Amino acid sequence: MRLKSLISLKGGKHMPNFDSNVSTFIIAATIAGGLLFTSLDGGPADSSKRTALWFGTSAEAQDVVAPQPRWAASAAGRVEPTTGAVRVSPRAGGRIEKVFAKIGDRVSDGDILVQLDDSEARQRVVAARAEVKVRELERGEETVKGLALERRQAEDEVAAAERAIFDAWQAFDDTLALKRKDEARDSDVVAAREIIKTETEKRDAARVELAKLNKKSGMPLPGRLDTGLTIARADLSLAEEALQKTRIRAPFDGSILNVFARVGETVAPGPQTPLLVFGDLSKMRVRAEVEERDVAKVRLGQKVVVKADAYPDRDFEGTVSEISGALGSPQIATRGPRRPTDVDVLEVIVELDGTPPLLTGMRVDVFFHRQGAHAAKSASVAQAH
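Q: I'm lost on the packing of helix 4 (residues 119-140) against helix 7 (residues 224-244) in this one. Help?
A: When two helices pack together, their arrangement is given by the angle between their axes and by how far apart the axes lie. One can describe the packing of helix 4 onto helix 7 by two numbers: an axis separation of 8 Å at closest approach and a directional angle of 160 degrees. By the angle between their directions, the pair helix 4 and helix 7 is classed as roughly antiparallel. For the element pair helix 4 and helix 7, the recorded crossing hand is left-handed. For the pair formed by helix 4 and helix 7, the contact residues are A121, R122, R124, V125, A128, R129, E131, V132, R135, E136, E138 and R139 on the first element and L225, D226, G228, L229, A232, R233, D235, L236, A239, E240, A242 and L243 on the second. Considered class by class, the residues forming the contact of helix 4 with helix 7 number eleven nonpolar, one polar and twelve charged.

Structure below.
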């Protein structure tokens, strides 16, 4: 296209004519400058990216590697004791007579936490023991020998060990009650606990010997008197077990997290009526829920960082110790107005390092290290080969 002239609008006067080649060059230069300005003004790119526009091919200039995020995945979690929060329920129904536990108490395995009314159970034990004595006297009038005599002696050892265990538990409870009144020492409680352990070992060994003896060939069938004594001893064991069920004991060494039991209330057996919440606070862990889309990014042994609103300036580290084998519905409420209840989650257990000041039940956010995910994946592949 050739431009004849440029016309000035002001005053209606004609501008001087320019050569068409010069005008064409000016238009081309203007377009090229505009394109260059647009490419440089596309955003706050750094100097290295701008240099890439001037050197190399256009494909090389656009091949900019975006930095990967630090976390492979994140999930909501809740803090709990390393044993979990155990809800202790009664094994038998009855009226609560005593509550020994208080929130925050540190107790040991077997300590009585709550006691139900045991008056009826005690009477049954007395009656059952009397029946056993009668049956033992009757059996003593019958003379046996050989394998039948050996079996009697082995059965007597098992029965004596079972009675010794029951008596040892009663002595332990009495000693613990005195310790709570400052009338006994810690060493007395420890000694009473050791007696229970010793008698239990004796009972287990006696049962093994009786089982071996019953397997011998030629063992005669028990007589009427032996059978009657066996039934009476079984009734006594059931009565002693019923009495033990009136004592709600600590399942392991730990701390009392909450107490629901009240003196005078009547409780029924079953998990629907927990009396206490119990756990071991010496080590803490987090139960996290990873969304389905991120399950492939989590591995055993992976390092994580836990953040809590109560400690905004602190990070707590941990390691993935358990991963569930199936997806499930979320149990931890998400923050904000949106709650994706239709998203399945994978339950992951994270063991926290050290003794962080986090409280049981505290809501936290769990961030899984990307580097840890790669390292754990490489280790699993190496083990497979």
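Having put the structure on the table, let's press on.
Q: It is not clear to me how the confidence of the model for the protein should be interpreted in this structure. Could you clarify?
A: Considering every residue of the protein, the mean pLDDT works out to 83; 76% of them sit at 70 or more. Within the protein, the element-level pLDDT minimum falls on helix 2 (residues 47-54), averaging 42, and the maximum on strand 5 (residues 112-116), averaging 97. For the stretch residues 1-16, pLDDT sits under 50, and the model shows 15 contacts to residues farther than four places along the chain or on other chains. In this model residues 39-57 is a low-confidence stretch, pLDDT under 50, and it forms nine contacts with partners more than four residues away in sequence or in other chains.

Q: Hey, could you run me through the nonpolar core in this one?
A: Among the nonpolar cores identified, the biggest contains 21 residues, and V286, V306, V364, V366 and F368 are the most heavily contacted of them. Breaking this core down by element, the ones donating at least two residues are strand 1 (71-81), strand 10 (284-291), strand 11 (303-308), strand 12 (311-328), strand 13 (345-352) and strand 14 (363-369). Counting residues per element, this core draws most heavily on strand 10, which supplies four residues. Leave out the neighbours within four places in its chain, and F368 touches W71, A72, A73, S74, A75, V290, V298, Q302, K303, V304, V320 and V348. Counting 16 residues, the second-largest nonpolar core is a separate cluster that includes I96, L113, L116 and L276.

Q: Would you mind going over the pattern of salt bridges with me for this structure?
A: Charged atoms that come close allow side chains of opposite charge to pair. Tallying each qualifying case throughout the model produces 32 salt bridges. A salt bridge links D118 to R247; the nearest nitrogen and oxygen atoms lie 2.7 Å apart. Within this pair, whereas D118 is found in the loop between strand 5 and helix 4, its partner R247 is found in strand 6 (residues 247-249), the two being separated by 129 residues in sequence. Just as D118 is buried, R247 falls in that class too.

Q: In this structure, what is going on with helix 4? I would like to understand it.
A: Since the α-helix packs 3.6 residues into each turn, any two residues three or four apart lie on the same face. Spanning 22 residues, helix 4 covers 32 Å between terminal C-alpha atoms, matching the ideal 32 Å at 1.5 Å per step. Those residues of helix 4 not exposed but buried are A121, V125, A128, V132 and R139. Buried residues along helix 4 cover an arc of 70 degrees about the axis, so they all sit on one side. For helix 4, the exposed residues set more than 90 degrees away from the buried face come down to E120, Q123, V126, K133 and L137.

Q: Help me understand the pairing of strand 12 in this model?
A: The two faces of a sheet get side chains in turn, since along a regular strand they alternate between them. For strand 11 and strand 12, the ladder comprises five bridges, and the chain directions are antiparallel. Bridge pairing links V306 to F316 in strand 12. Connecting strand 11 to the antiparallel partner strand 12 that follows it, the hairpin turn spans two residues. As paired strands, strand 12 and strand 13 are joined by seven bridges and run antiparallel to one another. Counterpart to T319 in the pairing with strand 13 is E351.

Q: How do you make sense of the sheet that holds strand 5 when you look at a structure like this?
A: Strand pairing in a sheet takes place through backbone hydrogen bonds and is either antiparallel or parallel in direction. Taken in spatial order, the four strands line up as 6-5-3-8 in an open sheet, and their pairing is antiparallel. Both outer strands of the open sheet, strand 6 and strand 8 (266-267), are each paired with one neighbouring strand and no more. With three bridges connecting them, strand 3 (residues 94-99) and strand 5 associate as antiparallel partners. Residue pairing for strand 5: K98 is matched across the bridge by Q115.

Calculation criteria
Residues numbered from 1 in each chain as written. Predicted model: local features only at pLDDT ≥ 70, side-chain atom pairs only at ≥ 80, totals over all residues. Heavy atoms only, no water. Axes fitted to C-alpha atoms, helices over the stretch in contact; angles between N-to-C directions. Helix = DSSP H or I, 4+ residues; strand = E, 2+ residues; numbered from the N terminus. Parallel < 35°, antiparallel > 145°, perpendicular 65-115°, else oblique. Left-handed = near helix turned anticlockwise from the far one by under 90°. Contact = heavy atoms within 4.5 Å. Nonpolar A, V, L, I, M, F, W, Y, C, P; charged D, E, K, R; others polar. pLDDT = per-residue confidence, 0-100. Core = buried A, V, L, I, M, F, W, Y, C linked by side-chain atoms within 4.5 Å. Buried < 20%, exposed > 50% of the residue type's maximum accessible area, 1.4 Å probe, protein only. Salt bridge = Lys/Arg side-chain N within 4 Å of Asp/Glu carboxyl O. Expected span 1.5 Å × (residues − 1). Arc of directions from axis to C-beta. Pairing = 2+ DSSP bridges.

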